[in-house]
Amino acid sequence: MGGTEEKQATGSGRPTSRDVARMAGVSHTAVSFVFNGRAEGNLSPATQERIRRAAVELGYRPDPVARGLRRRRTAVIGLVTDEIASSPFAGRLLRGAMDMAWGSEHLVLTIDSGGDPAKEDAAVAELLDRRVDGIIYAAMSLRRVRVPEGLHRTHSVLANCLPEDDSLPAVIPAERAGGRTAARLLLDEGHHRVAMIGGQDDIASVDRLRGFRDALRAEGVAVPKEWVVRTGGEISGGYEGAMRVLDGAPADRRPTGIFCYNDRVAAGALHAATRLGLAVPGELSVVGYDDQEHMAEFLAPPLTTVALPHRAMGEAAARLLLDAIDTGRTPPATVRRLACPVISRASVGPVPSR
């Protein structure tokens, strides 16, 4: 041990805290106080500054492994998710979690399970073996999930999903409020003949439709049953649904606004409008949902949409986890819902004049 310190002190290896102490003319304990957050009340501001200047000059950085062993922490959190590779939204959620963790001097170790429950259990076990400080479990589509084995053995938070057993805290989008927001985009432009296209019976579809109906009901607007068309979440479903409510109907009997389950469905609706010779937004307004990267803003016209807060979910889940790690207290198994903001572009306009 002493030989290693001597070698580093001569400048041939990584600088140590003892090197900093020698350069600053202080004890090794004083350097430890500064880099372990215990300097206030123990060292004068001038001494603290002298130590930090010496550390910068030497290029010294505290050893995270050694510091972690002292604190019984590794400064690493795990993130297990079902489809990082294939989801267009994974990067935003990951970036939010990673940036929040980095700001608290933590790294994020990420594992993609491909949605395989056995792999999820194995991934959590591997992270626990590596003694991560906590784990975020994230899904790329909102749904109730089976909690992987092992998550209850450490601090854990769910992102964009809900636990089947309601046993862990979760951060999800405020989907019902998002549906109300989408309706208001159309109502505020005078649209009272409106349709909703796409989706199935999943949580997001149900909550978006509920919110959409909430806002319309508050204005005394009813949606005909045949104008609520469940056709899935793909472009083909959007095209099929839009054709069903638009094709062959006279101008005064068809919707002037369409709320689409997601941006892919909206792309199909825009294609149907083009096929039928309907100008958007002159004769028909279209609202999407998700703000899908590399898609929504490049449609013709660029799509007005309600964005999913993936980055904010990553940030909020990481913050909740880091707070639990810092305090040593498990957060209550509550659900935090994050607002879904409007991204205004060019696909919504005033109701057509008669």
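Residues numbered from 1 in each chain as written. Predicted model: local features only at pLDDT ≥ 70, side-chain atom pairs only at ≥ 80, totals over all residues. Heavy atoms only, no water.

Thoughts on the environment of Ser347
The cut-off we apply is this: Runs of H or I in DSSP of at least four residues are treated as helices and runs of E of at least two as strands, each being numbered from the N terminus. A 1.4 Å probe rolled over the protein chains alone gives each residue an accessible area, and that area as a share of the maximum for its type sets the label: buried under 20%, exposed over 50%, partly exposed in between. Contacts between residues were defined by any pair of non-hydrogen atoms, one from each residue, lying within 4.5 Å. Any pair of N or O atoms that falls within 3.5 Å is considered a polar contact. Within protein, one atom must be able to donate a hydrogen and the other to accept it, and sequence-neighbouring residues count only if both atoms are side-chain atoms.
Its location among the elements puts Ser347 in the segment after β14 (342-343). Judged by relative accessible area, which is 0%, Ser347 ranks as buried. Not counting chain neighbours up to four residues away, the residues in contact with Ser347 comprise Val280, Pro281, Leu284, Ser285, Val286, Pro301, Pro302, Leu303 and Thr304. Looking at Ser347, its side chain comes within polar contact range of the main-chain oxygen of Val286, at 2.6 Å.

Description of the pairing of strand β11 (residues 285-290)
Successive side chains on a regular strand alternate, one facing one side of the sheet and the next facing the other. Selection criterion: Here, strands pair whenever DSSP counts at least two bridges between them. If the strands point away from the viewer and the path from the first strand over the helix to the second runs clockwise, then the crossover is right-handed.
Taken across its six residues, β11 has six buried, putting it largely inside the fold. Inspection of the sheet shows strand β10 (residues 257-260) paired to β11 by three bridges, in the parallel sense. Residue pairing in the sheet places Phe259 in a bridge with Val287 of β11. At this point the chain moves from β10, through helix α11 (residues 263-275), to the parallel β11, and the crossover so formed is right-handed.

Comments concerning the confidence of the model for the chain
The cut-off we apply is this: One number per residue, pLDDT, summarises how confident the predictor is, and it ranges from 0 to 100.
In this model, the chain carries an average pLDDT of 90, and 92% of its residues clear a pLDDT of 70 or more. The low-confidence segment residues 1-12 (pLDDT under 50) makes ten contacts with residues lying over four places distant or belonging to another chain.

Brief notes about unusual backbone geometry
A cis geometry characterises the amide bond from Val280 onward to Pro281, with omega recorded as 10°. Assignment of secondary structure puts Pro281 in the loop between α11 and β11. For the bond from Ala300 to Pro301, the omega torsion is 0°, close enough to zero to count as cis. As for its position among the elements, Pro301 is in the loop between β11 and β12 (304-307). One non-glycine residue, Glu105, lies in the positive phi region at around 60°. Within the element layout of this structure, Glu105 appears in the loop between α6 (90-103) and β2 (107-112). Judged by relative accessible area, which is 55%, Glu105 ranks as exposed. Although it is not a glycine, Asn160 sits at a positive phi angle of roughly 65°. Residue class for Asn160 comes out buried when judged on its relative accessible area of 3%.

Let's talk about the sheet that holds strand β3 (residues 134-138)
In sheet architecture, strand pairing relies on hydrogen bonds along the backbone and comes in two forms, parallel and antiparallel. Rules: Helix axes are fitted to C-alpha atoms over the stretch in contact, other axes to C-alpha atoms as well, and angles between N-to-C directions run from 0 to 180 degrees.
Reading across from one edge, β2-β1-β3-β5-β7-β13 is the order of the six strands in this open sheet, with parallel pairing throughout. One side of each edge strand has no neighbouring strand; the edge strands of this open sheet are β2 and β13 (335-338). Neighbour to neighbour, the strand axes of the sheet diverge by 20° on average, direction disregarded. Looking at chain direction, strand β5 (residues 155-159) and strand β7 (residues 170-173) are connected through two bridges and run parallel.

Looking at helix α10 (residues 235-246)
Test applied: The span you would expect from a helix comes to 1.5 Å times its residue count less one.
Taking 1.5 Å per residue as the helical rise, α10 with its twelve residues ought to reach 16 Å, and the 16 Å between its terminal C-alpha atoms agrees with that figure. Those residues of α10 lying buried are Gly237, Gly238, Gly241, Ala242, Met243, Val245 and Leu246. Along its buried surface, α10 packs onto β8 (194-197), β9 (228-229), β10 and α11. Positive phi appears at Gly248, one or two residues downstream of α10, with a value of about 85°.

So, the pattern of salt bridges
Inclusion rule: What makes a salt bridge here is a side-chain nitrogen of Lys or Arg within 4 Å of a carboxyl oxygen of Asp or Glu, nothing more.
Following the criterion strictly, the structure yields 24 salt bridges and no others. A salt bridge links Arg254 to Glu283; the shortest N-O distance between them is 4.0 Å. Placement of Arg254 in the loop between α10 and β10 and of Glu283 in the loop between α11 and β11 is noted, with a sequence separation of 29 residues between them. Residue classification places Arg254 among the buried residues on the basis of a relative accessible area of 14%. Note that Arg319 is salt-bridged to Asp323, the shortest N-O span being 3.1 Å. Of this pair, Arg319 and Asp323 both sit in helix α12 (residues 310-327), four residues apart, which is roughly one turn of the helix. Note on Arg319: relative accessible area 27%, which makes it partly exposed.

Remarks on the environment of Val31
Along the chain, the position of Val31 falls in helix α3 (residues 28-35). On a C-alpha basis, the gap between Val31 and Val20 in space is 7.2 Å, while along the polypeptide they are eleven residues apart. For Val31, the contacting residues outside a window of four places in its chain are Ser17, Val20, Ala21, Val26 and Ile51.

Some thoughts on the packing of α6 against α12
Convention followed: The hand of a helix crossing depends on one turn: near helix anticlockwise from the far one by less than a right angle means left-handed, and clockwise means right-handed. In this classification, Asp, Glu, Lys and Arg are treated as charged, Ala, Val, Leu, Ile, Met, Phe, Trp, Tyr, Cys and Pro as nonpolar, and every other residue, Gly included, as polar.
In the contact formed by α6 and α12, the axes pass within 6 Å of each other and the chain directions differ by 35°. You can see that α6 and α12 cross each other, and the crossing is right-handed. Residues Arg92, Leu93, Arg95, Gly96, Ala97, Asp99, Met100 and Ala101 of α6 lie in contact with α12, whose contacting residues are His310, Arg311, Gly314, Glu315, Ala318, Arg319 and Leu322. Considering only residue class, the contact of α6 with α12 consists of six nonpolar, three polar and six charged.

Some remarks on the state of the cysteines
Spelled out, the test is: Two cysteine sulfurs form what is called a disulfide whenever their separation falls within 2.5 Å.
Scanning all chains against the criterion turns up zero disulfides. Between Cys260, a cysteine without a disulfide, and Cys340, which holds the nearest cysteine sulfur, the sulfur-to-sulfur distance is 16 Å. Given the relative accessible area of 0%, Cys260 is considered buried. Considering cysteine sulfurs only, Cys161 is the nearest to Cys340, which forms no disulfide, with 15 Å between them. On the basis of relative accessible area, Cys340 is assigned to the buried category, the value being 7%.

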